[in-house]
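# Results of the structural survey
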Amino acid sequence: MYFTPPLARLIEEFQKFPGVGPKSAQRMAFFVLNMSTQDVANLSRVLVDAKDKVKHCSNCFHLSANDPCEICTNDKRDIKTICVVADSRDVISLEKTLEYRGSYHVLNGLISPLEGRGPEQLRVRELLQRTGSQEPKEIILAINPTIEGDATVLYLSSLLKPLSIKITRIAFGLPVGSDLEFADEVTLTRALEGRREV
Ligand code: ZN
């Protein structure tokens, strides 16, 4: 199949997105070509703008256009509780429950020997620094029950337990391998309430 070069390039770019195969990439490219010139210009501006303005909060590493982020600067949040998550999407999922009123710490992934990601690539050092300055009473590990998740929980609890802080992990009433990102609010609220000490 032959696509004229600019169209082929557009398809190629869309195919780099996670979960987008050649068929979907073609659909997206054709969709863009059917958009008005103004809408396409707007889309490209939105892309550059998001990349430009969205950064990591220097305290909790949640994605935010403000540093520190809206959660870290909210004085109604309880800084004596830190909820540790793999990435920013998990923060959004937990915020949707409206149950959690503590602070967060985004690790930026999980320990994965297969993908060559060790603790030094995660924001573990920063978590320890915060633990020192913020003196939390409880650290909640809201980490998926996967091999990587379990390895990360094991590693973190071995570091944090000697500091005599209560370490808990949220209880998934879900099958192993299920994803925090896709859990609905009710399930997540229950998981949070049913957290257990590790
Ligand atoms: Zn923050």
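These notes cover the structure that comes with them. These figures come from a predicted structure and were not determined experimentally.

### A word on the overall build of the protein
Secondary structure assignment for the protein yields seven helices and seven strands. Along the first, second and third principal axes, the C-alpha atoms of the protein reach 65 × 35 × 35 Å. Within the protein, buried positions represent 39% of all 198 residues. Expressed as a percentage of contacts within the protein between residues at least 6 apart in sequence, the contacts between residues at least 24 apart total 57%. Total accessible area on the protein is roughly 12,100 Å²; 56% of this is exposed by carbon and sulfur atoms. Computed over 25 positive and 26 negative side-chain charges, the separation of the two mean positions in the protein equals 1 Å.

### Quick notes on the packing of helix H1 (residues 5-14) against helix H2 (residues 22-34)
When two helices pack together, their arrangement is given by the angle between their axes and by how far apart the axes lie. Taken N-terminus to C-terminus, the directions of H1 and H2 make an angle of 125 degrees; their axes are 8 Å apart at the nearest point. In terms of orientation, H1 lies oblique with respect to H2. The element H1 and its partner H2 pack so that their crossing is right-handed. Along the contact surface, H1 presents Leu7, Leu10, Ile11 and Phe14, while H2 presents Ala25, Gln26, Met28, Ala29, Phe30, Val32 and Leu33.

### Structural notes on the nonpolar core
Counting 21 residues, the largest nonpolar core has Cys83, Val85, Leu94, Tyr104, Ala142 and Ile170 as its most contacted members. Of all the secondary-structure elements, those providing two or more residues to this core are strand S3 (78-85), helix H4 (88-96), strand S4 (102-106) and helix H7 (185-193). Here this core gets three residues from one element, more than from any other, and that element is H7. Setting aside residues up to four positions removed in sequence, Val85 forms contacts with Asp90, Val91, Leu94, His105, Val106, Leu107 and Ala142. The next biggest cluster of nonpolar side chains, apart from the first, holds 17 residues, and it includes Val84, Leu122, Leu141 and Val153.

### Quick notes on the sheet that holds strand S7 (residues 196-197)
An order of S4-S3-S5-S6-S7 is seen for the five strands of this open sheet, with the pairing classed as mixed. Edge positions in the sheet fall to S4 and S7, since each of these pairs with one other strand and no more. When strand S6 (residues 166-169) meets S7, the two strands line up antiparallel, connected through two bridges. What sits directly across from Thr168, in S7, is Glu197. In the packing of helix H6 (residues 147-160) onto the sheet, the strands contacted are S3, strand S5 (138-141) and S6, and the crossing angle to S6 comes to about 170 degrees.

### Observations regarding the state of the cysteines
Evaluation of the coordinates by the stated rule reveals zero disulfides. Free cysteine Cys83: the closest other cysteine sulfur is in Cys60, separated by 11 Å. Residue classification places Cys83 among the buried residues on the basis of a relative accessible area of 0%.

### Focus: the coordination of the zinc ion
For a metal with four tetrahedral donors the ideal donor-metal-donor angle is 109.5 degrees, while six octahedral donors give ideal angles of 90 or 180 degrees. The protein atoms donating to the zinc ion are Cys57 (SG), Cys60 (SG), Cys69 (SG) and Cys72 (SG), with metal-donor distances spanning 2.3 Å. Taken together, the four donor atoms surrounding the zinc ion define angles of 104 to 116 degrees at the centre, an arrangement classified as tetrahedral. Read in sequence order, the donor residues coordinating the zinc ion give the pattern C-x2-C-x8-C-x2-C. Taken as a pair, Cys57 in the loop between strand S1 (55-56) and strand S2 (63-64) and Cys69 in the loop between S2 and S3 lie far apart in primary sequence, twelve residues in all.

### Comments concerning the packing of aromatic side chains
Per the stated rule, a full pass over the model turns up three aromatic pairs. Here the aromatic rings of Phe3 and Phe30 are separated by 6.1 Å at their centres, their planes lie at 70 degrees, and the arrangement is edge-to-face. Placement of the pair is Phe3 in the segment before H1 and Phe30 in helix H2, with a sequence separation of 27 residues. Judged by centre distance (6.0 Å) and plane angle (40 degrees), the rings of Phe14 and Phe17 are tilted.

### So, the pattern of salt bridges
Should their charged atoms come close, side chains of opposite charge can pair. As enumerated under the stated definition, the model contains seven salt bridges in all. Between Lys16 and Glu13 there is a salt bridge; the shortest N-O distance is 2.9 Å. As a salt-bridge pair, Lys53 and Asp49 come within 2.8 Å of each other at their nearest N and O atoms. One end of the pair, Lys53, and the other, Asp49, are both in helix H3 (residues 37-53), four residues apart, so they sit about a helical turn from each other.

Rules used throughout
Residues numbered from 1 in each chain as written. Predicted model: local features only at pLDDT ≥ 70, side-chain atom pairs only at ≥ 80, totals over all residues. Heavy atoms only, no water. Helix = DSSP H or I, 4+ residues; strand = E, 2+ residues; numbered from the N terminus. Buried < 20%, exposed > 50% of the residue type's maximum accessible area, 1.4 Å probe, protein only. Contact = heavy atoms within 4.5 Å. Areas by Shrake-Rupley, 256 points an atom, 1.4 Å probe, with all protein chains shown as cover. Lys, Arg positive; Asp, Glu negative; His and termini not counted. Charge placed at Lys NZ, Arg CZ, Asp CG, Glu CD. Axes fitted to C-alpha atoms, helices over the stretch in contact; angles between N-to-C directions. Parallel < 35°, antiparallel > 145°, perpendicular 65-115°, else oblique. Left-handed = near helix turned anticlockwise from the far one by under 90°. Core = buried A, V, L, I, M, F, W, Y, C linked by side-chain atoms within 4.5 Å. Pairing = 2+ DSSP bridges. Disulfide = S-S within 2.5 Å. Donors = N, O, S within 2.8 Å, 3.2 Å for Na, K, Ca; no water. Tetrahedral: all angles 85-135°; square planar, octahedral: opposite > 155°, others 65-115°. Phe/Tyr/Trp six-rings, centres within 6.5 Å; stacked < 30°, edge-to-face > 60°. Salt bridge = Lys/Arg side-chain N within 4 Å of Asp/Glu carboxyl O.

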